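Summary of structural features
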Protein chains: 2
Amino acid sequence: MTMITDITSIDNAPLTGECLEKLDAYWRAANYLSVGQLYLCDNPLLEEPLKIEHLKKMQLGHWGTTPGQNFIYTHLNRIINRYDLNMLYISGPGHGGPAVAAGTYLEGTYSEVYPEVSQDRAGMKNLFKRFSFPGGVSSHASPQTPGSMHEGGELGYSLSHAFGAVLDNPDLIAACVVGDGEAETGPLATAWHSNKFLNPLTDGAVLPILHLNGYKISNPTVLARIPHIELEQLFHGYGYFPLFVEGSDPAIMHQAMAAALEQAVHFLKQIKYNAIEHPGQERPKWPMIILNSPKGWTGPKVVDGKQIEGTFRSHQIPLTVSESSPESHLQMLESWMKSYRPGELFDTNGCLKKEIAEIAPKGNRRMGANAHTNGGLLLRELILPDFQRYAFNVNCPGIMGEGDVHVTGRFLRDVTLLNPQNFRVFGPDETVSNKLEAIFETTSRQWNADININDEYLAPKGRVMEMLSEHQCEGWLEGYLLTGRHGLFNCYEAFIHIVDSMFNQHAKWLKMTREIPWRRKIASLNILLTSTVWRQDHNGFTHQDPGFIDHVINKKSEIVRVYLPPDSNSLLSVMAHCLGSKHYVNVMVAGKHPSPQWLSMDEAVVHCSRGIGVWDWASNDQDCDPDIVMACCGDVPTLETLAAVSILREHFPDLKIRVVNVVDLLKLERQSSHPHGLNDHDFDALFTVDKPVIFAFHGYPWLIHRLTYNRTNNNNIHVRGYKEEGTITTSFDMTVLNEMDRFHLVMDVIDRLPHLGSKGLYLKQNLMDKLVEHKQYINMNGEDMPEIKNWRWKA
Amino acid sequence: MTMITDITSIDNAPLTGECLEKLDAYWRAANYLSVGQLYLCDNPLLEEPLKIEHLKKMQLGHWGTTPGQNFIYTHLNRIINRYDLNMLYISGPGHGGPAVAAGTYLEGTYSEVYPEVSQDRAGMKNLFKRFSFPGGVSSHASPQTPGSMHEGGELGYSLSHAFGAVLDNPDLIAACVVGDGEAETGPLATAWHSNKFLNPLTDGAVLPILHLNGYKISNPTVLARIPHIELEQLFHGYGYFPLFVEGSDPAIMHQAMAAALEQAVHFLKQIKYNAIEHPGQERPKWPMIILNSPKGWTGPKVVDGKQIEGTFRSHQIPLTVSESSPESHLQMLESWMKSYRPGELFDTNGCLKKEIAEIAPKGNRRMGANAHTNGGLLLRELILPDFQRYAFNVNCPGIMGEGDVHVTGRFLRDVTLLNPQNFRVFGPDETVSNKLEAIFETTSRQWNADININDEYLAPKGRVMEMLSEHQCEGWLEGYLLTGRHGLFNCYEAFIHIVDSMFNQHAKWLKMTREIPWRRKIASLNILLTSTVWRQDHNGFTHQDPGFIDHVINKKSEIVRVYLPPDSNSLLSVMAHCLGSKHYVNVMVAGKHPSPQWLSMDEAVVHCSRGIGVWDWASNDQDCDPDIVMACCGDVPTLETLAAVSILREHFPDLKIRVVNVVDLLKLERQSSHPHGLNDHDFDALFTVDKPVIFAFHGYPWLIHRLTYNRTNNNNIHVRGYKEEGTITTSFDMTVLNEMDRFHLVMDVIDRLPHLGSKGLYLKQNLMDKLVEHKQYINMNGEDMPEIKNWRWKA
Ligand SMILES: Cc1ncc(C[n+]2csc(CCOP(=O)(O)OP(=O)(O)O)c2C)c(N)n1
Ligand SMILES: Cc1ncc(C[n+]2csc(CCOP(=O)(O)OP(=O)(O)O)c2C)c(N)n1
Ligand SMILES: [Mg+2]
Ligand SMILES: [Mg+2]
């Protein structure tokens, strides 16, 4: 690698006349194909005069962003060719679907995955018709689009995805188009700061291209209406060097864009060079491009007396053409399409002319063929150490542990170590707080801003990514996974709702890619939730929300998995399973505080692979039918259930109790509703067909009802869980406030078993007194009664 | 108002020695009280040597942010006094709870609402003990804290709340402390742009104070580790004029902070002056303060050989003091507390000395007494026009409407008109797309950046707030509501999940304030969801998610309400009801496309106040028991149900069908679970105890099961709804993909009623053929079959 010359020496009109011509032709071809997708179902080459019958009846899609994205795609093609770049394209405003379809069709990648959309008249007609058409392809850059690893339906995540994609891909450049409307979203506004985390030596580069076309749906954008100087300051402040490309005259704009890309590439090469030759230098200032061009560029100028090009009115269909629209509209559409001079672009078979087609890169350099965008192609199996080696020694049920997440931290440390280039841990500044600190025994948090003497576990290179933005963590991780790597997001349980909608979109992506034959499976999105609702030391009510799992299970059952391991060994087993899995979203909920342990490693392995099961050692119905089933799911509910069981066993030695523990929540679903679901026979065997079931659940109690409503014994299932009662208080008091504590569970049993008679009645009264005593004690002492704190399971 | 002098003339050391002394004493008092809250349960004035028995056993809370917030609060007190400002305080990092408690305690407002926490020794002891203690107060600036309208448990919303608070409050200044960690969140990162929307004439001002203490939980912050010049550029780029206050020497810092606040207030007065004297000038550059001071300032410097002050280690409890900690820790705590020289601050009764207390403002100028922070105090009833005047004329069921939301737009237009100072509509650039454009007949979107000739409905003053950030819309609206005003958020149904976690926090706030006697009820948070899952013209699968209501009903039943009006008149009725309600979160789901209308206004009023009911005109079981109950909830399900009913009536004239429509979703809950819930008797009367119920539902089908699992007839309820199948397709095909279409509903009936015999069998086969025909037709034509499109209910 040689030292790069000063960028000021870069030609500001680098294109020869011939090259400019070709680029412009290529762009016109893309624009032509885009308009065709919005409008036509026949007569694709306009060989006949355009008639209403050639048009789709429902004209759908977004024109406004499309010509700008075509312009960008075309110029990226040129620069890829010139410097043999490994580049992928992210369309932030993914509703510019026609642009990515046009771009990949022109370069040939589209026809490779969809042979019926061939590069000729018939194929072009198919391309047009299938866009936004029933049975066809969706209107966004989507899983169906080759070269797309980002959908852009819900705006805001493009830049986080781009940064996630280039981590550990030092040769990759993610060109990321950011809509100026999209830039107003919160996630996008903070994503610019990702540049403080990128390592120029070991990671690739993101080239953000702010698409400043001035408008969103029906409003101007903030960034388009602030003074130029503020815009510049803003991006300098974000740590970028903005390169402006501004105007609307194609000839001038082609030169300006080409020059800006030359500059940007020189910047990037300089940064790489410096990183190699002068390691340890200060964080680089990364280039970015601000493309200020009209929305709906080259489209209809004025329709029915209203300005369209360069206004918000070009956002969707700029010109409606139907039987009931003015006749002039049809003519306008025809002359609009002809303004791209299709005859100069396509040969008589409808194939792009050779000399124009040269603009496209070749083979895998074509952005539609970049393997990183079909991550499964590059996926390498994660090397997992034997998780059983990290076992917590449980010689008898009930001994105190050292924090379930803490124990798993050591396993994750070694996963990190064994997979130094394709596994990362993400978290919003909570990895230590969540007790995963073992990871920092061998790696650091990656950080490329300043480091001070008192900092801990920070380094320019590291396997942990932390920023106080759940959106960023999720977005980075998604980008990392989508490009064929592995990872884990650790997060406070309550605040994972911040990314509810991002989870939605990712789950939808997984569902769709599963159905597309040329898409390969990627690693699962693994989410570890801790600092849960039941244990909020320094925080209170605001930090209590176990509802993410309710949200998750609304998505397709082939995609989602939810685990609530009750102790350290079961968490280890679940974690190893999830890290090895593909194409799921796995949610693991676990405790970080020292708490009783129940299962030896051998038992945990068996229990977790079953996912649900009777705990033999805690039950006494081995020889007969149970009188009652005590079910539990989650670490705290398991503790309270077992404490309740010991009270029951003490007072009613003859009572036959069965203890059922659930690790894999979706075992409760019917087999027909979820692949993990128990069949009715097995469910009935576990939960009986007629005995009361007292179910202590980690989350909102009605979730269990939702899962079991169609089981035989459903009317006998009584669930306790979190019901939005909470504050800062002792850990036991949290269960009392929500009536899921051992005493309430015992009282529930007494209520359901009238045959316990007056012995039951007296015990119930005792327990009620106990609850009063508890309240008084904690209000006085600020901690739980010794009999609660020191309670241990006795075999 | 007089012209303000140039700010460069402002003294950069404005404090006299005496004033500086007093300010410092006040700050020390606040710090002393803060440490006391974290540690002590006895010996509040350190009159005895400190012993372990005086300490809380569980030491909880956050020290790091607290001294800085105390510093800010103290200085705001001074500036309020000096300029008689109407100011409120928002603590972004609300975990600085000890600071707001100390601040309000010192100024007297705390004792006014909690007389047991008096300004004397006994009261101080109470103040200390109750903090983060069972039965006490939570650790965050919270509903329990006087002067707080923002909790700050979940970080990121302070600035949006601040801007929402000052809208239409021209004299109000919201001083908003933003944590440098908090500033990394997406919502906060975009909230800075709120200044493009504020009208300096009719709105108040936000004074952001970036609390650059360098750290978050265990990491440095991004903004603390970028060069000074980037930080400056960033905030200039955001459109602010940053005033820096940097250092750690209290004497110097007091002067610097006082000077910065003088400057800021002069700026603000200048802006107001200009707005009045030179209206129509360009958008002002608003001042902000960047306070760069050590985290854990004035706390322990080094503990056990590790630097604490000025590092992340000061975030929570900087020094643990217990029986098992080194003995030196107890001494360190004592000398730390004594370093504030409590003897100089409090008299022998524990009361703040008079001359120091003078720093606090008086009466309602005290930030803890600012009525805007207890918005219900200022709430004026919304003036609602008679919604019945906006009725859509329905002379017979089934006539085509003009879009339910569209009709309600006219009502909202007049609500806006009648309440020009305390009602606003918020939306992420979708108000027109959501068909509420009637509002723009009389008002505009408020926008204080540049306006161009082709813009529509933009003005420096307007009642609609639009930015492409669901977070901002929600945050602004919350701030507006919390300060005693009214509003509506309109949003695409799928993307409302972006604010799931914000909704959580607001619902928790409402729940808690309900239980606090001195808190007054505020207006409901009204959310109108449209562009729903069933009708996505230009978009597809990414825009399909009806799950927000699942999320909402996990929160306390006293707080949440969900409505799915089936047509225009019922939406009008529901909207009027919601706008008039208090202290709820109301979610309304409605269609924006022209669709059949069912109820006259009179019928709609009755039906909506019932919330659920039999549709007489569609049923034929008046004289006997029904054979089948056809239930529906939501506009599209209602349409499909009625179409199914007409097929059934045509083929099986003897079949007794009851049609039940649900508007108020929580009617389905049990009475004991939700205040709207039907009692079992009424439920059984409607849904029968043993007849099949075919239920077509707008959302995920299992939500209905979750609500009805404990009803008598639950095992006979068969629900159809959205099950994550979708793409861009025709509107009828969306129902087919999810098997909620009329044909599937009829087939469901046939399956449940074996007595329909072979007539049923033949019909079923016909309908299956119909579905094939439908697919073929739409794949060919891109629109629905005429018999579907033109189907109308026949009486
Ligand atoms: C989070 C989110 N909110 C709202 C929308 C609805 N929406 C679709 S396109 C659009 C405007 C996009 O503007 P911009 O990013 O500038 O894209 P462009 O101008 O290139 O079309 C909006 C608000 C969305 N897709 N995502
Ligand atoms: C959205 C969100 N994510 C994570 C947390 C957990 N958390 C609590 S405090 C904190 C650090 C806050 O840092 P900063 O805003 O700088 O506050 P300060 O330094 O003043 O304490 C974090 C990450 C949170 N409260 N909210
Ligand atoms: Mg735009
Ligand atoms: Mg901080």
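Chain A appears in an unreviewed UniProt entry as Probable phosphoketolase from Mucilaginibacter gossypii. As stated in UniProt under Sequence similarities (unreviewed entry), the record for chain A gives "Belongs to the XFP family." Listed in UniProt under the heading Cofactor (unreviewed entry), the comment for chain A reads: "thiamine diphosphate".

**What about the overall build of chain A?**
Of regular secondary structure, chain A possesses 25 helices and 20 strands. Computed over its C-alpha atoms, the radius of gyration of chain A comes to 30 Å, within 12% of the 28 Å expected for a compact globule of 795 residues. Projected onto its principal axes, the C-alpha positions of chain A cover 95 × 65 × 45 Å. Across chain A, the fraction of contacts at a sequence separation of at least 24, relative to all contacts at a separation of at least 6, is 77%. Put simply, chain A shows about 24,300 Å² of open surface, and 51% of that area lies on carbon and sulfur atoms. One way to put it: in chain A the 71 positive side-chain charges average out to a point 4 Å from where the 91 negative ones average out.

**What about the site of ligand 1?**
Around ligand 1 lies a shell of 25 residues, among which Thr65(A), Asp180(A), Gly181(A), Lys295(A) and Glu470(B) are the nearest. Neighbouring residues of ligand 1 are not confined to one chain but are distributed across chains A and B. At 2.6 Å, a side-chain N or O of Lys295(A) approaches an oxygen atom of ligand 1. For ligand 1, whose unbound accessible area comes to 590 Å², protein coverage reaches 99%. For the shell around ligand 1, the residue count by class is nine nonpolar, eight polar and eight charged.

**Side note on helix H24 (residues 757-781) of chain B**
All names here are of chain B. For H24, spanning 25 residues, the distance from its first C-alpha to its last is 36 Å, which sits close to the expected 36 Å at 1.5 Å a residue. Those residues of H24 that are buried lie in contact with helix H19 (635-651), helix H22 (731-737), helix H23 (742-752) and helix H25 (786-789). With its phi angle positive at about 70°, Gly-782 sits one or two positions after the end of H24.

**Structural notes on the domain arrangement of chain A**
Residue and element names in this part refer to chain A. Once the domains are mapped, chain A shows domain 1 (7-370), domain 2 (388-589) and domain 3 (612-789). With centres defined by C-alpha atoms, the gap from domain 2 to domain 3 works out at 28 Å. Facing 30 residues of domain 2, the contacting portion of domain 3 comprises 37 residues. Both sides of the domain 2 and domain 3 interface together cover about 2,700 Å² of buried area, and 67% of this is carbon and sulfur.

**Details of the relation of the copies chain A and chain B**
Aligned on chain B, chain A shows an RMSD of 0.0 Å; the corresponding rotation is 180° and the shift along the axis is 0.0 Å. Expressed as an axis order, the relation between the two copies is that of a two-fold axis. Residue Gly186(A), judged by its C-alpha, is the member of chain A lying nearest the rotation axis, at 1.9 Å. The overlap is high: 100% of the interface residues of chain A also sit at the interface in chain B, so the same surface is used on both sides.

**A short note on the coordination of the magnesium ion (ligand 4)**
Ideal donor angles around a metal are set by the shape: a four-donor tetrahedron calls for 109.5 degrees, a six-donor octahedron for 90 or 180 degrees. All names here are of chain B. Distances from the magnesium ion (ligand 4) to its protein donors, Asp-180 (OD), Asn-213 (OD1) and Tyr-215 (O), fall at 2.0 to 2.2 Å. In the primary sequence, the donor residues of the magnesium ion (ligand 4) line up as D-x32-N-x1-Y. Both residues of the pair, Asn-213 and Tyr-215, belong to the buried class.

**Observations regarding the coordination of the magnesium ion (ligand 3)**
The magnesium ion (ligand 3) binds to the protein through Asp180(A) (OD), Asn213(A) (OD1) and Tyr215(A) (O); the donor distances cover 2.0 to 2.2 Å. Between consecutive donors of the magnesium ion (ligand 3), the numbers of intervening residues give the motif D-x32-N-x1-Y.

**Let's talk about the site of ligand 2**
Surveying the vicinity of ligand 2 reveals 25 residues, the closest of which are Glu470(A), Thr65(B), Asp180(B), Gly181(B) and Lys295(B). Around ligand 2, the nearby residues trace back to chains A and B. At 2.7 Å from an oxygen atom of ligand 2 is found a side-chain nitrogen or oxygen belonging to Asp180(B). At 3.0 Å, a side-chain N or O of Asn213(B) approaches an oxygen atom of ligand 2.

**Quick word on the side chain of Glu474(B)**
All names here are of chain B. Mapped onto the fold, Glu-474 is located in helix H14 (residues 470-482). This buried residue, Glu-474, is left without a salt bridge; Lys-555 holds the nearest opposite charge, at 13 Å. Leaving out residues up to four positions away in the same chain, Glu-474 has contacts with Phe-489, Val-499, Met-502, Phe-503, Leu-525 and Ile-527.

Reading the values: rules and limits
- Residues numbered from 1 in each chain as written.
- Chains lettered and ligands numbered in written order.
- Predicted model: local features only at pLDDT ≥ 70, side-chain atom pairs only at ≥ 80, totals over all residues.
- Heavy atoms only, no water.
- UniProt positions renumbered as here; feature names shortened; annotations may be inferred.
- Helix = DSSP H or I, 4+ residues; strand = E, 2+ residues; numbered from the N terminus.
- Rg over C-alpha atoms; globule rule 2.2 N^0.38 Å.
- Contact = heavy atoms within 4.5 Å.
- Areas by Shrake-Rupley, 256 points an atom, 1.4 Å probe, with all protein chains shown as cover.
- Lys, Arg positive; Asp, Glu negative; His and termini not counted.
- Charge placed at Lys NZ, Arg CZ, Asp CG, Glu CD.
- Near = heavy atom within 4 Å.
- Polar contact = N/O pair within 3.5 Å; in protein donor to acceptor, adjacent residues only side chain to side chain.
- Nonpolar A, V, L, I, M, F, W, Y, C, P; charged D, E, K, R; others polar.
- Expected span 1.5 Å × (residues − 1).
- Domains from an automatic or database assignment.
- Buried area = accessible area lost by both parts, 1.4 Å probe.
- Least-squares fit on C-alpha atoms with pLDDT ≥ 70 in both.
- Donors = N, O, S within 2.8 Å, 3.2 Å for Na, K, Ca; no water.
- Buried < 20%, exposed > 50% of the residue type's maximum accessible area, 1.4 Å probe, protein only.
- Salt bridge = Lys/Arg side-chain N within 4 Å of Asp/Glu carboxyl O.

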